[in-house]
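Examining the three-dimensional arrangement
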Amino acid sequence: MTHPTLVVIDPVTAGSRRPIAQRLRRHDPTVPVVRADDAGITRGDGVFESLPVVHGHPHALDAHLARLQHSAAQLDLPELDLTAIDAAVQYAIELHEHSELLVKIVVTRGVDHNPTAWVHASTAPDYTSQQREGVRAVTLDRGYRSDIARTSPWLLAGAKTLSYAIHTAALREAGRRGADEVIFVSTDGFVLEGPTSSVIARFGQVCATPATDQGILAGTTQITAREVFASHGYDTVERPIPRDTLDRCDGLWLVSSGRKAVPVVELDGRPLPVDRILTDLLLRGLTDATDAASPLWGRLGLIPRSATSPTRSVPSKTHLTACPTHHTHR
């Protein structure tokens, strides 16, 4: 059995004078990493990011870190040290025995406003079946207008927070309706996003994504997907998409870091056209769009062992000593 890896970042806030290597510690993933009164547990008060790792390389790490910082700012969390988080991501990847992973970065408000942060790396789930066979989706009213980000910024629309109870409730409702997935729509009739995905619709030669000023998450995968579509001659646009236009689309996908892209084969009980060739091109493009290995180990003065795989280096024993396995609560 393959075990996940876990790296705690303490402190995670910007301005710390401690060397980054001393702020990262390997933690036993089977032992709790937060206190029972941590605000991330008691209130869902925190932010997170998930990103795939392909051949040992994290995908779009800079974009995920930028979005993490933006979400933290929306929650009035302290400024995060993105360099330290970058290092923790690389360390968690190097510690894992596999090179195809799903990495999750979590930052909570912690206790007494001292944030708790960690990076968790686990074997990537296999979504091949959904990618090939597609999913059935239903549209559900999200309960607010498409201009919520402008009228009610305190509702944190567009922030990637730990509060996912509504999203999981929506997916359970989809199951009760005989579907696999949900596409949220606004009360004024515009397509928004899925509980854990972004929406892309093809209308002829145009591939459209909902405008992010409608209070939805700025999906990192959908940005890459638009680049893939453009490379194959399609025009791409970000704009409001009325719900009723989806019934006339030539293809519909849900894209996310973990699943990459899955075609929607049925929407609200109505079959949709599926472009298998374009779906395969999209999946291939998203898989190939990986970041180069981060040079952060070198910047920290940590020398990787040269006897390892050319695509994945392992921190030296010096680094492992600076980041020991931790078996107790913070």
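Residues numbered from 1 in each chain as written. Predicted model: local features only at pLDDT ≥ 70, side-chain atom pairs only at ≥ 80, totals over all residues. Heavy atoms only, no water.

Each helix and strand counted, the protein has 11 helices and 14 strands in total. A buried classification covers 51% of the 330 residues belonging to the protein. Approximately 15,100 Å² of the protein is accessible, and the part contributed by carbon and sulfur atoms is 52%. (Helix = DSSP H or I, 4+ residues; strand = E, 2+ residues; numbered from the N terminus. Buried < 20%, exposed > 50% of the residue type's maximum accessible area, 1.4 Å probe, protein only. Areas by Shrake-Rupley, 256 points an atom, 1.4 Å probe, with all protein chains shown as cover.)

This part is about the pairing of strand β7 (residues 135-141). With five of its seven residues buried, β7 lies for the most part within the structure. Two elements, β7 and strand β13 (residues 260-267), share three bridges in a ladder whose sense is parallel. Paired with Ala-137 across the bridge in β13 is Leu-267. Both β7 and strand β8 (residues 181-185) contribute to a ladder of five bridges, which runs parallel. (Pairing = 2+ DSSP bridges.)

Tracing the sequence through the fold places His-64 in helix α3 (residues 61-74). When its relative accessible area of 0% is taken as the criterion, His-64 is described as buried. A polar atom in the side chain of His-64 sits 2.7 Å from the side chain of Glu-49. (Polar contact = N/O pair within 3.5 Å; in protein donor to acceptor, adjacent residues only side chain to side chain.)

Moving on to the nonpolar core. Ranked by internal contacts, the top residues of the largest apolar core, which has 32 residues, are Ile-9, Ile-85, Val-89, Val-103, Ile-105 and Val-119. Elements with a contribution of two residues or more to this core: β1 (5-9), β3 (46-54), α3, α4 (82-95), β5 (101-111) and β6 (114-123). If you tally residues by element for this core, the top one is α4, at nine residues. Excluding anything up to four places from it in sequence, Val-119 contacts Thr-5, Leu-6, Val-7, Ile-9, Ala-88, Val-89, Ala-92, Val-103, Lys-104 and Ile-105. Ala-137, Phe-203, Ile-241 and Leu-272 belong to the second-largest nonpolar core, a separate cluster that totals 17 residues. (Core = buried A, V, L, I, M, F, W, Y, C linked by side-chain atoms within 4.5 Å. Contact = heavy atoms within 4.5 Å.)

The end-to-end C-alpha separation of helix α9 (residues 276-288) is 18 Å, in line with the 18 Å expected for 13 residues at 1.5 Å each. Where α9 begins, one side-chain oxygen reaches toward the backbone nitrogen of Ile-277, 3.3 Å away; that side chain belongs to Asp-275. (Expected span 1.5 Å × (residues − 1).)

Reading across the sheet, the six strands line up as β2-β1-β6-β5-β3-β4 and stay open at both edges, with antiparallel pairing between neighbours. Edge strands, defined here as strands with exactly one partner in the open sheet, are β2 (24-26) and β4 (57-58). Where β3 and β5 come together, eight bridges link them in antiparallel fashion. Looking at the pairing, Glu-49 lines up with Ile-105 of β5. Each of β3, β4 and β5 is contacted by α3, which is oriented at about 175° to β3, the strand it contacts most. Strand contacts of α4: β1, β2, β3, β4, β5 and β6, with the helix running at about 160° to β1, the strand carrying the most contacts. (Axes fitted to C-alpha atoms, helices over the stretch in contact; angles between N-to-C directions.)

Time to look at the packing of aromatic side chains. As enumerated under the stated definition, the model contains three aromatic pairs in all. An angle of 70° between the planes, with centres 5.4 Å apart, marks the rings of Phe-48 and Tyr-164 as edge-to-face. Note that Phe-48 is positioned in strand β3 and Tyr-164 in the loop between α6 (148-151) and α7 (165-176), a separation of 116 residues in sequence. Consider the rings of Phe-229 and Tyr-234, whose centres lie 6.2 Å apart with planes at 75°: the pair is edge-to-face. Residue class for Tyr-234 comes out buried when judged on its relative accessible area of 15%. Among the aromatic residues, those joined into a ring-pair cluster are Phe-229, Tyr-234 and Trp-253. (Phe/Tyr/Trp six-rings, centres within 6.5 Å; stacked < 30°, edge-to-face > 60°.)

Attention now moves to the confidence of the model for the protein. Within the protein, residue pLDDT values average 87, and 87% of them lie at 70 or more. For the stretch residues 291-330, pLDDT sits under 50, and the model shows 84 contacts to residues farther than four places along the chain or on other chains. (pLDDT = per-residue confidence, 0-100.)

α9 packs onto helix α8 (residues 220-231) with a crossing angle of 120° between their chain directions and a minimal axis gap of 9 Å. What the angle tells us is that α8 and α9 run oblique. With respect to the hand of their crossing, α8 and α9 are arranged in right-handed fashion. Facing α8, whose interface residues are Thr-221, Thr-224, Ala-225, Val-228 and Phe-229, α9 presents Leu-278, Leu-281, Leu-282, Gly-285 and Leu-286. Of the residues contributing to the contact of α8 with α9, the split by class is seven nonpolar, three polar and no charged. (Parallel < 35°, antiparallel > 145°, perpendicular 65-115°, else oblique. Left-handed = near helix turned anticlockwise from the far one by under 90°. Nonpolar A, V, L, I, M, F, W, Y, C, P; charged D, E, K, R; others polar.)

Along the polypeptide, Pro-78 turns up in the loop between α3 and α4. Since its relative accessible area comes to 32%, Pro-78 is described here as partly exposed. For the pair Pro-78 and Thr-13, spaced 65 residues apart in sequence, the C-alpha separation works out to 6.3 Å.

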